[in-house]
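Here's the letter readout for the chains.
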Amino acid sequence: MGCRIAGCAKELPDLTVTNDDMSRIVDTSDEWIVKRTGIHERHIAVGETCTDMASAAITKALANAGIQHEEVDLLVCMTITPDTIIPSQACLIRARAGLSNAVAFDLNAACTGCIYGLEVATSMMESSMAQGSSEQKNPIRHAVIVGVERLSRIIDWTDRASCVLFGDGAGAVVLEWDEKAKGILSSFLKNTDDLDMLLSCDQHYDLSTFPFGDAQVETGSSIMWQGPNASHLDPERSTCGSIGMEGQQVFKWASSAMAEAAEEACKRGGISLEDVDVIIPHQANERIIRFAAKKLKVPMERFQVSIGSVGNTSASSVLMALTDAYDAGRVNPGDKVLLVGFGGGLTSGAMLLEA
Ligand code: COA
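In this report, the structure presented in the accompanying data block is examined.

Rules of the game
Per chain, residue numbering runs from 1 following the sequence as it is written. Predicted model: local features are reported for residues with pLDDT of at least 70 only, side-chain atom pairs are reported and counted for 80 or more only, and whole-chain, interface and lining totals are derived from all residues. Calculated side-chain values reflect all of the structure's heavy atoms, with hydrogen atoms and water omitted. Disulfide assignment relies on a single distance test, namely cysteine sulfur atoms paired within 2.5 Å. Using a 1.4 Å probe on the protein chains alone, a residue whose accessible area is under 20% of its type maximum counts as buried, one over 50% counts as exposed, and one in between counts as partly exposed. Each reported salt bridge corresponds to a side-chain nitrogen of Lys or Arg within 4 Å of a carboxyl oxygen of Asp or Glu. Runs of E in the DSSP output that reach at least two residues are strands. Runs of H or I that reach at least four are helices, and both are numbered from the N terminus. Nonpolar cores were defined as sets of buried Ala, Val, Leu, Ile, Met, Phe, Trp, Tyr and Cys residues, with membership established by side-chain atoms within 4.5 Å.

So, the state of the cysteines
Link 1 in the chain: Within this structure, the stated rule accounts for zero disulfides.
Link 2 in the chain: With no disulfide of its own, C50 lies 7.3 Å from the sulfur of C77, the closest cysteine sulfur.
Link 3 in the chain: In this structure C91 is not part of a disulfide, and its nearest cysteine sulfur, from C77, lies 10.0 Å away.
Link 4 in the chain: On the basis of relative accessibility, which here comes to 35%, the residue C91 falls in the partly exposed class.

Printed below as a string of structure tokens:
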């Protein structure tokens, strides 16, 4: 209630890498990649940082919305590949983009980041603008939600099963408080423990100066392996610092998680899937979207499919696809738009809104 999308935009790095380019790096082919994923090319950040891409996307989104940088009260940045841990990615972007009045922080919900970020931002906006709250809380009239990834930094470029899937980029959306807007109609968020590490990327801690005990190197999953679920995990599968993935199992889970989230958000919003004008799913694999569409009995034409030119851009994916849908004239005032995400964690979710 009360929030409306005022503008959105995306930013892609300059370098385009085609499937033929990929076939010069690993044993693959354009035919295999297109048939199994729908991906034709992706963009890779060579010189661009997350700060560069996100700031550019935000500047374009604010211009589309007709809102000044200093009017932004909140910046939520969703990423799994921040330029630095401290300051947070959001703090770096705030400084670069000149969002001088925004409170800023990061949120990691992997590829479902957009849904979680929108939930947090709209909830903060609604509670701060509720009658009588503006003196107790930071009033949030304008919020920017940005997803940005430089996944090329955490890809194992020798693993053909995963390196062909991902790309870099940023997507941003500007939300404006508007008493009369219906805005967010419903949402659905879900977590499922990923005890088998179907999707993982290890954090690496160098403990060479750690003065207690004899640990030299520790990783996120080595911490997990000492825990109660140790029997589920195989230390040999840790590819430290790069994305590890059990493709087929992720595929199976993703198609049903996507269908479940879409159905639940519609149920909570009191509308039928048939009444949704456009569905903007996470762009992980065109075949996942097709499977979910079949399960939901919704024609593919109602889905925004953008993966062909960008690959899977994780937290940026849904916001970049939303921008494509707006640019293509697929989203008009009053339309019902369903955003759906799924990814590492395992996380999944959907948000139904009125444009
Ligand atoms: N090029 C050519 N062959 C490849 C390949 C590539 N890039 N990647 C894998 N293969 C091969 C495999 O080695 C295997 O060969 P084999 O039969 O000789 O053993 C064969 O293709 C089939 O592999 P499989 O894993 O069954 O393929 P798939 O149809 O499941 O497609 C993915 C693989 C990764 C595209 C698919 O499982 C997928 O998209 N999973 C979800 C991934 C995802 O979305 N992750 C992020 C979620 S947010």
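Regarding the pattern of salt bridges
Link 1 in the chain: In this structure the tally under the stated criterion is 13 salt bridges.
Link 2 in the chain: Between K190 and E260 there is a salt bridge, with its nearest N and O atoms 3.0 Å apart. Of this pair, K190 sits in strand β8 (residues 184-191) while E260 is found in helix α8 (residues 247-269), placing the two residues 70 residues apart along the sequence.
Link 3 in the chain: A relative accessible area of 29% means that K190 is categorised as partly exposed.
Link 4 in the chain: Take E260: its relative accessible area is 27%, and that puts it in the partly exposed class.
Link 5 in the chain: Bridged by salt links that share partners, the residues R4, E176 and D178 form one connected network.

Some details on the nonpolar core
Most often, soluble globular proteins keep nonpolar side chains buried together rather than apart.
Link 1 in the chain: By size, the foremost hydrophobic cluster in this structure holds 35 residues, and its most contacted members are I145, I280, L322 and L339.
Link 2 in the chain: Broken down by element, this core gets its largest block of residues, seven residues, from helix α5 (residues 113-129).
Link 3 in the chain: I279, L296, L338 and V340 belong to the second-largest nonpolar core, a separate cluster that totals 32 residues.

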